[in-house]
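Here's the letter readout for the chains.
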Amino acid sequence: MKVKLRYSHEAASKPILAEIILKTGLLINIIEAKLTPKEGEMVIDIATQGQALKRALEYLRAAGLEVTELRSLVEVDRERCISCGACISPCPSRAIRFDESLDIEIDERRCIGCGICISACPRKAIQLI
Amino acid sequence: MNEERGKEELRRYEEINEKIRRGDAVVMTAEEFIEFVEQSGLEKAAKEVDVVTTGTFGAMCSSGAFLNFGHSEPPIKMVRCWLNDVPVYKGLAAVDAYLGATSMSETKPFEYGGGHVIEDLVSGKEVELRAESYGTDCYPRRSLETTIILDDLNQAYLYNPRNAYQRYNAATNTSDHILYTYMGTLLPRYGNVTFSGSGQLSPLYKDLNLETIGFGTRIFLGGGVGYVVGEGTQHKPQSGFATLAVKGDLRGMSAEYLKGAVFHNYGTTLYVGVGIPIPIINMRVAATAALKDEDIPVDILDYSVPSRDRPIIKKSNYAELKSGKVVIGDKEVPSSPLSSIKVARKIAETLKRWIEAGEFFIQRPIELLPNYREFKPLKIKKREVTVGDIMMPLKDLVLAKPEDDIKKVAKMIIEKNIDHVPIVSEEGVLIGIVTTWDLTRALAEDKKTLKEIMTRYVITAKESERVDDVAKRMAEHHISGLPVVDDVMRVKGLITSDDISRKLVGRRGI
């Protein structure tokens, strides 16, 4: 599950991720981070689900972070898309492929929201959501 | 084979058209034909199939439209003209214009361009027309602003000087930074491969020897009917890079097959849908119409080399490229197309339907296209300033060895008033570089020998390189000096941003 964390001034000075990893043993992958000593935003991927995920999210919230669960990071405007495939190979997480009818398909679980596909699309058919 | 080319041995155009009229012509898309040949053999397929339809839908920068706006009251000799802020070529008569696909909007460059205007016109959208003039006795008006739609124009025809490349090279990037090219986004260090063209559906590849596609061939163009009006620019059929010049009335075309597009940091273009019927007039044509993706070679080129002769990284083919991964060395690299195979297929199917319905007839070319054309480079005749012209030569350089004492080098730097010291081996081969900044750091950190502080990954230049290219490299890496080396990395000199700015003041040609 990908989660966006927003750090406030107080939270930014605490090693919250390190604590949660040590405490729960969960595998957490930092996908994107923009942190300053004052505040910040981070997208992480927590490699778990169900109860364990719920507990992890509760922990993050209790530590003072604003937590948003990311179900999908980008979307394709089917009206604009011409199924060319220019977005497929530039995707660093290999989240994009052709489906059987050669339409573009984005695997939400793999997408890391980096946005390379957005600039790679000659039709400007992909947007961050 | 030249005399043989175009010979109607299996069937004549008249016979094919008669069958189309009667509604019993046998038409297959190129992919259906391939399958049929595999099942029944080439002989039988050639005997039974009258026409094979093809298609491609890709970015074709050499595309555009000739437009005639009609005369305003009082009339104007348009000298400068814009459609939705996209400059239109006005070196023609008063209200004739050419709208090129890569011309970019002056207010929204890299976002909207000539290709988009064509798409908008064909969609029936209103487009803003602005024009300026100096005013003449016969054309007194000096400016105008209005809106137009496609139906307001007297003539509006697509005229594309180069479309439908027979096949096209694929692209990858060996450098360590991302590239944004007309071949799309190329990730660093062989991160991906992009390719263009529709492979086994490619109109010109299916008639590899150009036996049926020629001047006057009737084609599917942008969803309507168009014609081949000659060889395309950069036509190079002897190596499988034949191209076409095509023309067709924009009225009757569909925005589904004409799409404005943007390649990030490159510019705007137009995706054009082209479909060509290949009449199976002889066995040679049947054989090339049956060629499969794996039979069509594609070189993967390194687009990080900023040269017209880019090195070939791998010899591949459309089957491997379309599979989604290409093996380069020991690495599996993702590959993806820039042309839409889905739409190419749809074009071949649409054209097939048109012929089956008796709405589209096969035109014998008035003249075949040349099957050989020299492809000439553009020579830069004025000598350009090279690194060798302005670099500090070897004899004036301070060089050092890795084990040299820092203090000794610091002294030399002061005596000679320089900033960069290349570190070389006994043979004079470059192994590192030290700058005055490195020495400052050495002092702060109490280091003794150059080995401890030198930069080992050195950006270099060659004597023959243009100063302009080297200046760009310095800026990219935020450095102020590059050792100049030969092919075996022996130091030949040093070029600094100081040299460039001081020695080139007032000089031109870089």
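This text goes with the structure placed above it.
Residues numbered from 1 in each chain as written. Chains lettered and ligands numbered in written order. Predicted model: local features only at pLDDT ≥ 70, side-chain atom pairs only at ≥ 80, totals over all residues. Heavy atoms only, no water.

Visitor: Provide a residue-level description of the overall build of chain B, including the pertinent values.
Guide: Regarding its fold elements, chain B presents 14 helices and 31 strands. On the principal axes, the C-alpha backbone points of chain B span a range of 95 × 70 × 40 Å. A burial count over chain B gives 51% of its 510 residues as buried. When contacts within chain B are restricted to residue pairs at least 6 apart in sequence, long-range pairs at least 24 apart make up 68% of them. A total accessible area of about 23,600 Å² is found for chain B, and carbon and sulfur atoms account for 50% of it. Between the mean site of the 68 positive side-chain charges and the mean site of the 72 negative ones, chain B shows a separation of 3 Å. (Helix = DSSP H or I, 4+ residues; strand = E, 2+ residues; numbered from the N terminus. Buried < 20%, exposed > 50% of the residue type's maximum accessible area, 1.4 Å probe, protein only. Contact = heavy atoms within 4.5 Å. Areas by Shrake-Rupley, 256 points an atom, 1.4 Å probe, with all protein chains shown as cover. Lys, Arg positive; Asp, Glu negative; His and termini not counted. Charge placed at Lys NZ, Arg CZ, Asp CG, Glu CD.)

Visitor: An account of the interface of chain A and chain B is requested, with residue identities and associated values reported.
Guide: Tallying the contact residues gives 20 residues for chain A and 29 residues for chain B. Taken over both partners, the interface formed by chain A and chain B buries close to 1,800 Å², and the fraction arising from carbon and sulfur atoms is 57%. It is Ile82, Ser89 and Pro122 of chain A that lose the most area in chain A upon contact with chain B, and together they represent 30% of the buried surface on that side. At the junction of chain A and chain B, the tally comes to 2 salt bridges. Residues Lys342 of chain B and Asp103 of chain A are paired through a salt bridge, measuring 3.2 Å at the closest nitrogen-oxygen approach. Connecting chain A to chain B are 12 residue pairs in polar contact (both at pLDDT 80 or more). Of the residues forming the side of chain A that touches chain B, the biggest block, 3 residues, is contributed by helix 3 (residues 116-120) of chain A. Counted by class, the side of chain A that touches chain B contains 11 nonpolar, 5 polar and 4 charged residues. (Buried area = accessible area lost by both parts, 1.4 Å probe. Salt bridge = Lys/Arg side-chain N within 4 Å of Asp/Glu carboxyl O. Polar contact = N/O pair within 3.5 Å; in protein donor to acceptor, adjacent residues only side chain to side chain. Nonpolar A, V, L, I, M, F, W, Y, C, P; charged D, E, K, R; others polar.)

Visitor: Report on a negative patch on the surface, specifying residues and quantitative values.
Guide: Taken together, the side chains of Glu126, Glu128, Glu145, Asp151 and Asp152 of chain B present a region of like negative charge at the surface. Tracing the chain through its elements places Glu128 of chain B in strand 8 (residues 127-132). (Patch = residues over 30% accessible without salt bridge, like charges linked within 9 Å, V, L, I, M, F, W, Y side chains within 5 Å.)

Visitor: Could you give an account of helix 11 (residues 436-445) of chain B, naming the residues involved and the relevant values?
Guide: Residues and elements named next belong to chain B. Taken residue by residue, helix 11 has Asp438, Leu439 and Ala442 as its buried positions. Taken down its axis, helix 11 places every buried residue within 100 degrees of arc, on the same side. Across from the buried face of helix 11, at angles greater than 90 degrees, the exposed residues are Trp437, Thr440, Leu443 and Ala444. Two residues or fewer past helix 11, Asp446 is found with a positive phi of approximately 60 degrees. (Arc of directions from axis to C-beta.)

Visitor: Quick rundown of the pattern of salt bridges? Include the residues and the values.
Guide: Under the criterion given, the structure shown has 45 salt bridges over all chains. Between Glu32 of chain A and Lys34 of chain A there is a salt bridge, and its shortest N-O distance comes to 3.8 Å. By relative accessible area, which is 55% here, Lys34 of chain A ends up exposed. Ionic pairing is found between Glu320 of chain B and Lys314 of chain B, a salt bridge with its closest N-O pair at 2.8 Å. Look at the salt bridges and you will find they share partners, linking Lys4, Arg6, Glu41 and Glu66 of chain A into a network.

Visitor: Go over a positive patch on the surface with me, naming the residues and quoting the values.
Guide: On the surface, Arg94 and Arg110 of chain A together with Arg189, Lys325 and Lys331 of chain B cluster together into a positively charged patch. Looking at the element boundaries, Lys325 of chain B is found in strand 24 (residues 325-328).

Visitor: Residues and numbers for the sheet that holds strand 4 (residues 66-70) of chain A, please.
Guide: All names here are of chain A. Pairing in this open sheet of 4 strands is antiparallel, and the strands run 2-3-1-4 from one edge to the other. Each edge of the open sheet carries a strand with a single partner, namely strand 2 (28-35) and strand 4. The mean angle between the axes of side-by-side strands here comes to 20 degrees, regardless of whether they run parallel or antiparallel. Pairing between strand 2 and strand 3 (residues 40-46): 7 bridges, direction antiparallel. The residue bridging Ala33 from the neighbouring strand is Met42, located in strand 3. The sheet contacts of helix 1 (residues 16-24) involve strand 1 (2-7), strand 2 and strand 3, and relative to strand 2 the element is tilted by about 170 degrees. (Pairing = 2+ DSSP bridges. Axes fitted to C-alpha atoms, helices over the stretch in contact; angles between N-to-C directions.)

Visitor: So what's going on with the environment of Asp176 of chain B? Which residues, and what values?
Guide: Residues and elements named next belong to chain B. For Asp176, the position within the fold is in the loop between strand 11 (170-172) and strand 12 (179-181). On the basis of relative accessible area, Asp176 is assigned to the partly exposed category, the value being 44%. Separated by 207 residues in sequence, Asp176 and Arg383 place their C-alpha atoms 31 Å apart. Look past the residues within four positions of Asp176 in its chain and what remains in contact with it is Pro188, Arg189 and Tyr457. Polar contacts involving the side chain of Asp176 include one to the side chain of His177, which spans 3.5 Å.

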